[in-house]
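These are the residues of each chain, in order.
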Amino acid sequence: LLVLTPVFKALPLNTLAAIIISGVAGILDYKEALHLWVTAKKDFCVWTTACIGVLLAGVEVGLGLSTAASLLVVFCESAYPQISVLARLPGTSSYVDRKQFPDVEACDGILIIRVASPLHFGNIDYVIEKMNNLRDQSEAERVDCLDSVKFFVLDMSGMANLDSAAARQLERAIVNYRLSGVELCLANPSPLMLDRMSAFGLDAQIGDDQFFVSVHDAVAWYQQRL
């Protein structure tokens with residue numbers, strides 16, 4: 001950079017452009033782009049944004065656009081988390097996604113769901129709406145016993161945190177469920193989640209007898225009541 005740069009000063013612009021294009025072509029990992037297109041469409045979009053931004057507007061702009069695209073992907077995944085309906089594997093105490101294992105045993109009168117994300121102001125409305133839709137048979141092809149649902153079991157193994165807005169919304173949902181004759185219990189909460197719920201007063205609202213170490217314990221207890 002210090003010594004040889006003046007040598008290229010007299011070259012025509014088209015020659016300099018050919019040198020740059022030759023260098024960029026060598027570092028353009030198109031095979032990775034094809035792999036991302038097959039395996040992860042979101043990552044492919046981020047890759048494309050970074051590539052086009054760098055080629056058309058420069059390195060700084062390209063990196064800035066790719067960073068913004070990555071943050072947008074993270075926000076969307078957090079705002080619309082994966083919510084699974086669980087059921088028991090025959091002969092075991094394990095509860096798995098009904099989509100992944102179609103031969104599982106449904107629990108009559110009990111709806112078990114798992115949310116794979118922390119609960120916060122950005123996704124709590126979506127989570128509660130999804131729970132209501134499941135209960136109201138919007139996805140009856142996956143849950144055969146929604147007509148007789150009396151108990152919600154919320155598997156908290158995928159939840160790492162809870163903010164104040166989500167706590168308020170969850171408290172309202174608990175009250176609404178009770179008014180409609182449905183009880184909500186929490187299974188497998190982490191110590192951090194227990195502390196957060198205690199700080200917001202949710203443990204008193206839900207009741208100490210509505211917390212369970214595992215989903216199987218909750219289902220067994222509710223089946224006795226049913």
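Below is a short write-up of the structure. (Residues numbered from 1 in each chain as written. Predicted model: local features only at pLDDT ≥ 70, side-chain atom pairs only at ≥ 80, totals over all residues. Heavy atoms only, no water.)

To continue, consider helix H4 (residues 59-79). For H4, spanning 21 residues, the distance from its first C-alpha to its last is 30 Å, which sits close to the expected 30 Å at 1.5 Å a residue. Listed as buried for H4 are Gly62, Ser66, Ala69, Val73 and Ala79. Projected down its long axis, H4 carries its buried residues within an arc of 155 degrees, all on one side. Exposed residues lying more than 90 degrees from the buried face of H4 are Glu60, Leu71, Val74 and Phe75. (Helix = DSSP H or I, 4+ residues; strand = E, 2+ residues; numbered from the N terminus. Expected span 1.5 Å × (residues − 1). Buried < 20%, exposed > 50% of the residue type's maximum accessible area, 1.4 Å probe, protein only. Arc of directions from axis to C-beta.)

Next up on the list: the packing of aromatic side chains. Per the counting criterion, the structure on display carries seven aromatic pairs. On the numbers, 5.1 Å between centres and 70 degrees between planes, the contact of Trp37 with Phe44 is edge-to-face. Residue Trp37 is classed as partly exposed on the basis of its relative accessible area of 47%. On the numbers, 3.9 Å between centres and 25 degrees between planes, the contact of Phe151 with Tyr222 is stacked. Taken as a pair, Phe151 in strand S4 (residues 151-155) and Tyr222 in helix H9 (residues 215-225) lie far apart in primary sequence, 71 residues in all. Phe151 sits in the buried class, given a relative accessible area of 6%. (Phe/Tyr/Trp six-rings, centres within 6.5 Å; stacked < 30°, edge-to-face > 60°.)

In terms of residue burial, S4 counts as a mostly covered element, since five of its five residues are buried. Going residue by residue along S4, you find Phe151, Val153 and Asp155 tucked away on one face and Phe152 and Leu154 tucked away on the opposite face as well. Both S4 and strand S5 (residues 183-187) contribute to a ladder of five bridges, which runs parallel. The residue of S5 that forms the bridge with Val153 is Cys185. (Pairing = 2+ DSSP bridges.)

Spatial relationships are all this shows, so hold off on functional conclusions.
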